[in-house]
Amino acid sequence: MHRLFVAIRPPASHRAQLLALMGGVAGARWQRDDQLHLTLRFIGEVDRHCATDIAYALRTIRFAPFDVSVSGVGAFDRRGVIDTLWAGVQPRDPLASLHRKVDRACVALGLSPEERAYLPHITLARFGRTAALVDPFLAAHAALTSPPFTIDSFALFESRLGHNGASYHIVEDYGPGSPA
């Protein structure tokens, strides 16, 4: 089985900016540089044949390159308990459009459509089941911004769980110069 997702890797300079602000929140499991990404669609566990079909289907997606910037921070909660800190990305519309194209390609292969509302973000930290005090972090970084960077590609990733958390491996890149 392969645990897959489709995402964009921000440039190294933007990842360095995000890594520099990580810290100061008790209980946070901060993401490593190799884990920083902007998810377009989580796919989940699929067999080898389905993974191959997904890789081919994603090759058909076309989009005009567009610029985005890191913008602000936020938190997700599960049943009232904060479980994720994230950095936002703006503008959302071109990312949402690309997300819909990826989702349609997956649904055409028989996968369930994405049910959650799409909110473009880069996960900074995850938390266990205990409440985390994140308000000071959110206040300190509310005005987070970055120079724009161009989105002209995305990738299919495989997530492998290990003793040191998840490691992400690119299965295939989609963009300028990738197979058509």
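Residues numbered from 1 in each chain as written. Predicted model: local features only at pLDDT ≥ 70, side-chain atom pairs only at ≥ 80, totals over all residues. Heavy atoms only, no water.

Novice: Pulling in residues and values, what's your account of the overall build of the chain?
Specialist: Helix and strand counts for the chain stand at 4 helices and 9 strands. In the chain, the order of α-helices and β-strands from amino to carboxyl end is β-α-β-β-α-β-β-α-β-α-β-β-β. Computed over the C-alpha atoms, the radius of gyration of the chain is 16 Å, within 12% of the 16 Å expected from 2.2 N^0.38 for a compact globule of 180 residues. Here the C-alpha coordinates of the chain stretch approximately 45 × 35 × 25 Å along the principal axes. Put simply, the chain has 180 residues, and 43% of those count as buried. Of the contacts made within the chain by residues no fewer than 6 positions apart, 76% connect residues no fewer than 24 positions apart. About 9,600 Å² of surface is accessible on the chain, with carbon and sulfur atoms providing 52% of the total. (Helix = DSSP H or I, 4+ residues; strand = E, 2+ residues; numbered from the N terminus. Rg over C-alpha atoms; globule rule 2.2 N^0.38 Å. Buried < 20%, exposed > 50% of the residue type's maximum accessible area, 1.4 Å probe, protein only. Contact = heavy atoms within 4.5 Å. Areas by Shrake-Rupley, 256 points an atom, 1.4 Å probe, with all protein chains shown as cover.)

Novice: Can you tell me about the nonpolar core, naming the residues and giving the values?
Specialist: Within the largest apolar cluster, 47 residues are counted, with the highest numbers of intra-cluster contacts made by Leu18, Ile43, Ile54, Leu58, Phe154 and Leu156. Sort the elements by how many residues they give to this core and helix H2 (residues 48–58) lands first, with 6 residues. Membership of the second largest hydrophobic core comes to 6 residues, among which are Phe5, Ala7, Ala166 and Tyr168. (Core = buried A, V, L, I, M, F, W, Y, C linked by side-chain atoms within 4.5 Å.)

Novice: Quick rundown of the packing of aromatic side chains? Include the residues and the values.
Specialist: Aromatic rings in a pair are described by how distant their centres are and how their planes are angled relative to each other. Applying the stated rule across the entire model yields 7 aromatic pairs. Among the aromatic residues, ring-to-ring pairing joins Phe63, Phe66, Phe154 and Tyr174 into one connected group. (Phe/Tyr/Trp six-rings, centres within 6.5 Å; stacked < 30°, edge-to-face > 60°.)

Novice: Kindly report on the environment of Ala55, identifying the contributing residues and their values.
Specialist: Counting through the fold element by element, Ala55 comes out in helix H2. It is 7.0 Å that separates the C-alpha atoms of Ala55 and Glu172, two residues lying 117 residues apart in sequence. Aside from chain neighbours lying at most four places away, what touches Ala55 is Leu156, Glu172 and Tyr174.

Novice: An account of the state of the cysteines is requested, with residue identities and associated values reported.
Specialist: Tallied over the entire structure, the rule returns 0 disulfides. Here Cys50 is not cross-linked by a disulfide; its sulfur's nearest cysteine counterpart is in Cys106, at 8.2 Å. On the basis of relative accessible area, Cys50 is assigned to the buried category, the value being 19%. The class for Cys106 is buried, based on a relative accessible area of 1%. (Disulfide = S-S within 2.5 Å.)

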